[in-house]
Amino acid sequence: MPKKVVSGNYAAAYAAKHARVEVVAAYPITPQTSIIEKIAEFIANGEVENLQYVPVESEHSAMAACIGASATGARAFTATSAQGLALMHEMLHWAAGARLPIVMVDVNRAMAPPWSVWDDQTDSLAQRDTGWLQFYAENNQEVYDGVLMAFKIAEHEKVNLPVMVVESAFILSHTYDVVDMPEQEEIDEFLPPRKPLYTLTDFENPFSVGALGTPADYYEFRYKIAKAMEEAKKVIKEVGKEYGERFGRDYSQMIELYKTDDAEIVFMGMGSLMGTVKEAVDMLRSEGYKVGAAKVRWFRPFPKEELYELAKNVEGIAVLDRNFSFGQEGILFNEAKGVLYNTDAKPIMKNYIVGLGGRDLTVNDVKTIAKNMREIIQKGKLDREIEWYHLKR
Amino acid sequence: MELPADVKKRLTLPFEEHFYAGHTACQGCGAALGLRYVLKAYGGKAIFTIPACCSTIIAGPWPYTALNAPLFHTAFETTGAVISGIEAALKAKGYKVKGEDGIMVVGWAGDGGTADIGLQALSGFLERGHDALYIMYDNEAYMNTGIQRSSSTPYGAWTTNTPGGKKHFLEQRPKKKVIDIVIAHKPAYAATASVAYPEDFMRKLKKAQTIKGPSFIQLFAPCPTGWRSPTDKSIEIARLAVQTAYFPLFEYENGKYKINMPSPNKEPKPLEEYLKLQGRFKYMTKEDIEILQEWVLKEWEELKKKAELFG
């Protein structure tokens, strides 16, 4: 299997190329730019065929052009970040509502003001109700694998919904690492050409997409998206398993469990910070802590069942949120706690707000959090529900 | 239905209908008429993109459509971008775009969705040179939203947010000249057209089909509801708009301007003839009418000069 040393962004660009995307419409925004630059290079070097590249005038138009392309039957791809994703927001609803399997890479970047180009999950999590599936990558390999799987899942006949593959600004987007890339023929077997649900080129049976939905019908349209999201869970697991069988990296779990079998305390989070957490788990284990890590790979659809299975057997869950919903709490914490309310699994849960705007979360930080969690479990009582971990006082 | 030969001879437009009965336009709607002509011109071999506007409703609610052509409804400001994406996809997938046997990609948007919120996407579409046609049907206000002013609303017009009244809060700005903004992009083809002159409109639609690159047509489409005009006067009003030079017909191609007026050598009729048929202008004072008349003639002279210099 060919290996390449690439940045997270290049991993995304190679994956789009290997997925044989037909239309790329994109607008530059830091730190996403090198994805679309690399794709332009592929075209300039004659490495891709039948790829139309539309250098649009805004992210809003990037998504609109992808929507037009996808509705015409093409495999469409784009990438963005932070403010760009926020500008796209309206069209994200449109892509999901028109049931278009567009794949987009979002490079997690903090929202302004103040201006920041560094890692923070608030941009993508703010899109959680748009009907997009969301996959959070821990490393460059997962960015690559995530994009390839995303197309297969998005285009599955039971799903037909767009997918967002999320990677961290700079921590992944601009950091080079070894990435395994299967041979093109193997990928073609895994990901055959798209068979669209409908296309606008059907002149024999012309129809309209996105027409007015009166109160008599709108409701059912929403239900069908809700249903497709539920179906997507099965498809994600199947595709993840198939990916493992073909390429050796198994993604059949929506939550990746690391040393959780006998764990009393589990650190839960998403994206690149979970690499640090896993390392900390190893060190803490050697110091006698019974800890594990639960990396939430898919935030939408939310892996309720897997979370419940995990929560049944642990005493405490420390949810690490690189995001915050003002007026409430960290978004993953909020979701995880909500899932467990009507179950008999009631571990102590604490929300640690970490790493906003690109601040580092180190192995030592995770150790401090582990100590704090152990104290809480010993006392059987939370010191506080939300802790802004790095706050300067 | 087969027509007798003598009737066929008299037809100047394709007989075939691709815009079906049962659409939900108001009586006397210029937009509905315009859409019917576009469908006739392309014989159903066009992909339509319609953003939020009257035509969203006119085409019919789910699961109906009055258009015998594929139709994608999209967000208000995205027509230019969506047609760009459709064109790119057709090319990526190897379809023939444009020409007699090719697929026409048509954006059909109102003046609000074009002159205001959609201007950026229109600009991007033109500048990137996509092989598609963008038609702005101009009824000079946000009609579907309840007759609010757009930047295409003319000076002195009543709308629900420029309501006239004692303080004279009528529209105070001249109509934005979208066609000039379009021409500044040096498109392959740009033209104005009117529902009162369907042969001229049809010819322009056919031209857009043969020319490589982006085309734009600004179609004058009366709105009896918003203009407070009798429903049987739409064509007369549209014709007067041309005859008074309020909305002159012309085309731009390869840097050249060509005026296509029905009677090119006639002096424009007085603007008042056009204004008096519409309730939306009834609050205008004598001075207002003079201001608008002066603006119209000045613009007309300017256009004639362009046609002389770049004809």
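Since we're looking at a predicted model, the values are computed, not measured.

**Q** Summarise the sheet that holds strand β2 (residues 71-73) of chain B; cite the residues concerned and give the values.
**A** Spatially, β9(A)-β2(B)-β1(B)-β3(B)-β4(B)-β6(B)-β5(B)-β7(B)-β8(B) is the arrangement adopted by the nine strands of the open sheet, whose pairing is mixed. Single-partner strands in this sheet number two, and they are β9 (208-209) of chain A together with β8 (256-259) of chain B. Sheet topology places strand β3 (residues 104-110) of chain B next to strand β4 (residues 133-138) of chain B; five bridges connect them, and they run parallel. The residue bridging V106 of chain B from the neighbouring strand is L133 of chain B, located in β4 of chain B. Its contacts with the sheet put helix α2 (residues 30-42) of chain B on β1 (46-50), β3, β4 and β6 (215-220) of chain B, and the angle it makes with β3 of chain B is roughly 175°.

**Q** Lay out the nonpolar core with the relevant residues and their values.
**A** Membership of the largest hydrophobic core comes to 219 residues, with the highest contact counts inside it found for M63 and F77 of chain A together with F48 and Y274 of chain B. Sequence-distant contacts of F48 of chain B, defined by excluding residues within four places in its chain, comprise L35, V38, L39, L67, A69, P70, L71, F72, V106 and W108 of chain B. Counting residues in each nonpolar core, the second largest holds 25 residues, with A280, Y289, I348 and Y352 of chain A among its members.

**Q** Pulling in residues and values, what's your account of the packing of aromatic side chains?
**A** Under the criterion given, the structure shown has 29 aromatic pairs over all chains. Aromatic side chains F190 of chain A and Y243 of chain A sit 5.3 Å apart centroid to centroid with 80° between the ring planes, which places their arrangement in the edge-to-face category. Placement of the pair is F190 of chain A in helix α7 (residues 184-190) and Y243 of chain A in helix α8 (residues 218-247), with a sequence separation of 53 residues. The buried category is assigned to Y243 of chain A, whose relative accessible area is 0%. Between F324 of chain A and W388 of chain A, the ring centres sit 4.9 Å apart and the planes meet at 55°, which makes this aromatic pair tilted. Of this pair, F324 of chain A sits in the loop between β14 (316-321) and α11 (331-340) while W388 of chain A sits in strand β16 (residues 386-388), and the two are 64 residues apart along the sequence. The buried category is assigned to F324 of chain A, whose relative accessible area is 11%. Taken together, the ring pairs connect F135, F190, Y243, F247, Y251 and W298 of chain A into an aromatic cluster. Positioned above the aromatic ring of Y289 of chain A, the side-chain terminus of R374 of chain A is 4.0 Å from the ring centre. Directly above the aromatic system of W227 of chain B lies the positively charged group of R280 of chain B, at a separation of 3.8 Å from the ring centroid.

**Q** Break down the pattern of salt bridges for me, citing the residues and quoting the values.
**A** When the charged atoms of two side chains with opposite charge come close together, those side chains can pair. Residues and elements named next belong to chain A. Summed over the entire model, instances satisfying the criterion amount to 57 salt bridges over all chains. A salt bridge links E138 to K295; the nearest nitrogen and oxygen atoms lie 2.7 Å apart. Residue E138 is located in the loop between β6 (133-136) and α6 (140-154), and its partner K295 is located in strand β12 (residues 291-296); the two are separated by 157 residues in the primary sequence. Grouping residues by exposure puts E138 and K295 together as buried. Taken together, the salt bridges that share partners define one network made up of E138, E142, E256, K278, K295 and R297.

**Q** Talk me through the interface of chain B and chain A; I want residue IDs and the actual numbers.
**A** Across the boundary between the two partners, chain B contributes 38 residues, which contact 40 residues of chain A. Taken together, the connections running from chain B to chain A amount to two salt bridges. Residue R128 of chain B pairs with E57 of chain A through a salt bridge whose shortest N-O separation is 2.9 Å. Scanning the region where chain B abuts chain A turns up eleven residue pairs in polar contact (both at pLDDT 80 or more). The greatest single-element share of the side of chain B that touches chain A, amounting to ten residues, is contributed by helix α4 (residues 79-92) of chain B. Among the residues forming the side of chain B that touches chain A, the class breakdown is 21 nonpolar, twelve polar and five charged. Strand direction decides the pairing type here: β9 of chain A and β2 of chain B, joined by two bridges, are parallel. For S208 of chain A, the partnering residue across the bridge sits in β2 of chain B and is L71 of chain B.

**Q** Just give me the short version of the packing of helix α10 (residues 304-312) of chain A against α11 of chain A, but keep the residues and values in it.
**A** Residues and elements named next belong to chain A. Viewed as axis vectors pointing N to C, α10 and α11 meet at an angle of 75°, and their least axial separation amounts to 10 Å. Looking at the two axes, α10 sits roughly perpendicular to α11. Across the interface between the two elements, K304, L307, Y308 and A311 of α10 pack against A336, V339 and L340 of α11.

**Q** Give me the side chain of H130 of chain B: which residues, what numbers.
**A** All names here are of chain B. Topologically, H130 is positioned in the loop between α6 (119-128) and β4. Polar contacts involving the side chain of H130 include one to the side chain of S84, which spans 3.4 Å. One polar contact links H130 to R128, side chain to side chain, over a distance of 2.9 Å.

**Q** Account for a nonpolar patch on the surface, naming residues and giving values.
**A** Together, V5, Y176 and V178 of chain A make up a nonpolar patch on the protein surface, roughly 300 Å² of accessible area in all. Given a relative accessible area of 56%, V5 of chain A falls into the exposed group.

Basis of the calculations
Residues numbered from 1 in each chain as written. Chains lettered and ligands numbered in written order. Predicted model: local features only at pLDDT ≥ 70, side-chain atom pairs only at ≥ 80, totals over all residues. Heavy atoms only, no water. Pairing = 2+ DSSP bridges. Helix = DSSP H or I, 4+ residues; strand = E, 2+ residues; numbered from the N terminus. Contact = heavy atoms within 4.5 Å. Axes fitted to C-alpha atoms, helices over the stretch in contact; angles between N-to-C directions. Core = buried A, V, L, I, M, F, W, Y, C linked by side-chain atoms within 4.5 Å. Buried < 20%, exposed > 50% of the residue type's maximum accessible area, 1.4 Å probe, protein only. Phe/Tyr/Trp six-rings, centres within 6.5 Å; stacked < 30°, edge-to-face > 60°. Lys NZ or Arg CZ within 6 Å of the ring centre and 35° of its normal. Salt bridge = Lys/Arg side-chain N within 4 Å of Asp/Glu carboxyl O. Polar contact = N/O pair within 3.5 Å; in protein donor to acceptor, adjacent residues only side chain to side chain. Nonpolar A, V, L, I, M, F, W, Y, C, P; charged D, E, K, R; others polar. Parallel < 35°, antiparallel > 145°, perpendicular 65-115°, else oblique. Patch = residues over 30% accessible without salt bridge, like charges linked within 9 Å, V, L, I, M, F, W, Y side chains within 5 Å. Areas by Shrake-Rupley, 256 points an atom, 1.4 Å probe, with all protein chains shown as cover.

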